[in-house]
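Observations on the three-dimensional arrangement
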Amino acid sequence: MTTLQQMLPGAAVTPRHTGLRRASRVLRPARTVPGALVAVTLAAGLGASTAEVVSGLLGAPLGWVPVNELVDLAGKSTWPQTATLALAMAGAGTLMLLLAVVPGRTTLVPVETSDPLIVLGITRSGLRRTLRAAAQQVAGVDKARVRLRRRTIEVTVMTSAESSGQMLRQVGTAVGDRLAGVGTLGTGEVVVRLRRRAV
């Protein structure tokens, strides 16, 4: 808790909320592979250009980059002819900067831990499997499907025609208990939908 939060009454943040924020920030993957590819490409291109210019100034051009042809092309071209290419290059550079700055979408769901220095996550597919298994253990459920939405967990159960609404409450309780057992953070409320199997 910061000093400002200690001074302001009612500005306290619950440990669960701060744990979710910290885990979400830590578990978001950095874009290291695109960043490394862009860095290597730029380093190779700029290094070759620099070597070509320096060797040309020394009187022994390497021939890696066609500098004379590029200079001639630039002298013959006017701004309207190169405006589209320049705008495309500027757009590509802006896109690369955004890709480097904005982290990727996490594939892990944060899990609550007792130690604030430890951050754990469970894969979304693993969470779907464990919640589906919990829903299918309820009597009367033939099959279940789980979808993880942004603020809700949607459980669709397939059942026979004689099933009652009581079973839906049991499915919601079983899935909620499994969520509490796993200790996931920020998964939202459980919504159970019924789909009757045709007899």
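Keep in mind the model is a prediction, meaning the values are calculated, not measured. Every chain is numbered independently, its residues counted from 1 as its sequence is written. Residues qualify for local features only when their pLDDT is at least 70, as the model is predicted, and side-chain atom pairs are given and counted only at 80 or more; totals for whole chains, interfaces and linings, by contrast, use all residues. Side-chain measures here rest on the full set of heavy atoms in the structure, leaving out hydrogens and waters.

**What to know about the environment of Arg 150**
The numbering of helices and of strands both runs from the N terminus, where a helix is a DSSP run of H or I of at least 4 residues and a strand a run of E of at least 2. By the element assignment, Arg 150 lies in the loop between β3 (141-148) and β4 (152-159). In sequence terms Arg 150 and Gly 188 are 38 residues apart; their C-alpha atoms lie 7.8 Å from each other.

**Comments concerning the pairing of β4**
Burial classes follow relative accessibility: with a 1.4 Å probe on protein chains only, a residue under 20% of its type's maximum area counts as buried, one over 50% as exposed, and anything between as partly exposed. Counted residue by residue, β4 has 7 buried out of 8 residues, so it is predominantly covered. The turn joining β3 and β4, which pair antiparallel and follow one another in sequence, is formed by 3 residues. In this description, strands pair whenever DSSP reports at least two bridges between them. The pairing of β4 with strand β5 (residues 189-196) spans 8 bridges and is classified as parallel. Across the sheet, Val 155 pairs through a bridge with Val 192, a residue of β5.

**Description of the confidence of the model for the chain**
Per-residue confidence from the prediction method is given by pLDDT, with values spanning 0 to 100. Taken as a whole, the chain shows an average pLDDT of 76; of its residues, 81% reach a score of 70 or greater. Counted against residues more than four places away or in other chains, residues 1-15, with its pLDDT under 50, gives 5 contacts. Here a residue-residue contact requires only that any non-hydrogen atoms of the pair lie within 4.5 Å.

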